[in-house]
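This is what each chain is made of:
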Amino acid sequence: EKEFKWLLQEEVHAVLKQLQDILKEASQRFALPTSGSGGAVKQENFVLSTSGTDQVKGVLTLQGDTLCQADVNLKMPRNNQLLHFAFREDKQWKLQQIQDARNHVNKAIYLLVNRDVSYQFKTGMEVLKLMDAVMLQLTRARNRLTTPAVLTLPEIASGGLIKMFTPALPPDVLVNFYINLNKLCLTVYHLHVLQPSTTKNFKPAGGSILHNPGAMFEFGNQRYEVSHVHKVECVVPWLNDALVFFTVSLQLCQQLKDKISVFSSYWNCRPY
């Protein structure tokens, strides 16, 4: 009983303080200014590349959760013509995955600090509920970075990203940016028009993170098929840091839950 009391009054608070410190570090890695802190977020340039092909190359400028510039060189497969596209000066692209992940981290921090410093936990169940709530937010934060959005090709074609480039993208090219783990990815789809007389059976593709050649879709009263797909990516080091912090924090939460559960099972099994 004394050990359990010590666990609730001392060790729980030490673990919560450790979690706060780790998650504040994680939040700072997202490089977004907190309210009232002023200062502009620094811009970082990343080179897009992939081994074995020079079909797509580019430089992305990331500022927190925003792609503020994208310069892309694209070699067209049908004639090897080299095209260059860049974001219009008045356009930026918000990476919702980063914004959502940071929001979940901040919710987890709020759960940890939302009590008076002298507060004492009275039951193990109270601690378990808090750990479950924190772990839910951390799992959601991690999942936003590890699981890109599933999109259909018409959704990509009608998205705002297509309209952001100058010169305008050709009608037979689609692009999509997303985060996958610690990487910023660009996927380029080359299309060819399916003529009404084509003998192919038209089967519209469903939603996917990455569509393969042969995927078909209809957009603007025209049917298309994906002929080539190119994916290039770059590692964003601070995203890797954030994922490590999420993993360490989830392990700490689980370890505390396990200790509480051991005591709880003891109380449930003791003779009366």
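Just so it is clear, the model here is predicted, and its values are computed rather than measured.

Draft legend 1. Inspection of the overall build of the chain at higher detail. Within the chain, the regular secondary structure consists of 5 helices and 10 strands. At a minimum sequence separation of 6, the contacts of the chain that also span at least 24 residues come to 67%. Surface summary for the chain: the accessible area is close to 14700 Å², and the carbon and sulfur share equals 52%.

Draft legend 2. View of the layout of surface pockets. In this structure, the largest pocket occupies an estimated 340 Å³ of space. Trp93, Ala149, Leu151, Asn176 and Phe177 are, among the 18 residues lining the largest pocket, the residues nearest its centre. For the lining of the largest pocket, the leading source of residues is strand β7 (residues 173-180), giving 5 residues. Partitioning the lining of the largest pocket into residue classes produces 10 nonpolar, 5 polar and 3 charged.

Draft legend 3. Structural view of empty space enclosed by the protein. On inspection of all chains with the given rule, the structure shows 1 cavity of 30 Å³ or more. Surrounding the largest cavity, Val72, Leu74, Phe85, Phe165, Leu169, Val173, Val175, Leu186 and Val188 form its lining. Partitioned by chemical class, the residues of the lining of the largest cavity number 9 nonpolar, no polar and no charged.

Draft legend 4. Focus on the nonpolar core. By size, the foremost hydrophobic cluster in this structure holds 74 residues, and its most contacted members are Phe30, Met131, Leu174, Val175, Phe177, Leu186 and Phe246. Ranked by residue count, the leading element in this core is helix α5 (residues 237-269), at 11 residues. Aside from chain neighbours lying at most four places away, what touches Phe177 is Leu60, Leu67, Ala70, Phe87, Trp93, Leu161, Phe165, Cys185 and Leu186.

Draft legend 5. Representation of the environment of Lys257 in the model. Tracing the backbone through its elements, the reader meets Lys257 in helix α5. With a relative accessible area of 19%, Lys257 lands in the buried category. In this structure the C-alpha to C-alpha distance between Lys257 and Met131, which are 126 residues apart in sequence, comes to 7.0 Å. Only 2.6 Å separates the side chain of Lys257 from the side chain of Asp132, close enough to count as a polar contact.

Draft legend 6. View of the side chain of Gln20. Tracing the backbone shows Gln20 in helix α1 (residues 2-29). Judged by relative accessible area, Gln20 falls into the buried class, the value being 14%. Setting aside its immediate chain neighbours within four residues, Gln20 contacts Leu112 and Val113.

Draft legend 7. Molecular detail of the pattern of salt bridges. By the definition in use, this model includes 10 salt bridges. With its nearest N and O atoms 3.5 Å apart, the salt bridge here joins Asp65 to Lys94. Separated by 29 residues along the polypeptide, Asp65 in the loop between β2 (56-63) and β3 (66-75) and Lys94 in strand β5 (residues 93-94) bring together distant segments of the chain. A salt bridge links Asp90 to Arg88; its shortest N-O distance comes to 3.0 Å. With a relative accessible area of 56%, Asp90 lands in the exposed category. One salt-bridge network, in which partners are shared between bridges, spans Glu25, Arg29 and Asp241.

Draft legend 8. The arrangement of the packing of helix α2 (residues 96-113) against helix α3 (residues 124-146) in detail. It is at 8 Å that the axes of α2 and α3 come closest, and there the two elements cross at 165°. Looking at the two axes, α2 sits roughly antiparallel to α3. Note that α2 runs across α3; the crossing there is left-handed. Facing Gln96, Gln97, Ile98, Asp100, Ala101, His104, Val105, Lys107, Ala108, Leu111 and Leu112 of α2, the residues of α3 in contact are Leu130, Met131, Ala133, Val134, Gln137, Leu138, Arg140, Ala141, Arg144 and Leu145. Broken down by class, the residue content of the contact of α2 with α3 amounts to 13 nonpolar, 4 polar and 4 charged.

Criteria and thresholds
Residues numbered from 1 in each chain as written. Predicted model: local features only at pLDDT ≥ 70, side-chain atom pairs only at ≥ 80, totals over all residues. Heavy atoms only, no water. Helix = DSSP H or I, 4+ residues; strand = E, 2+ residues; numbered from the N terminus. Contact = heavy atoms within 4.5 Å. Areas by Shrake-Rupley, 256 points an atom, 1.4 Å probe, with all protein chains shown as cover. 1 Å grid on protein atoms, 1.4 Å probe; cavity = no way out; pocket = protein on both sides within 12 Å on 5 of 7 lines; lining within 4 Å. Points joined across faces, edges and corners; volume = space filled by probe spheres on them. Nonpolar A, V, L, I, M, F, W, Y, C, P; charged D, E, K, R; others polar. Core = buried A, V, L, I, M, F, W, Y, C linked by side-chain atoms within 4.5 Å. Buried < 20%, exposed > 50% of the residue type's maximum accessible area, 1.4 Å probe, protein only. Polar contact = N/O pair within 3.5 Å; in protein donor to acceptor, adjacent residues only side chain to side chain. Salt bridge = Lys/Arg side-chain N within 4 Å of Asp/Glu carboxyl O. Axes fitted to C-alpha atoms, helices over the stretch in contact; angles between N-to-C directions. Parallel < 35°, antiparallel > 145°, perpendicular 65-115°, else oblique. Left-handed = near helix turned anticlockwise from the far one by under 90°.

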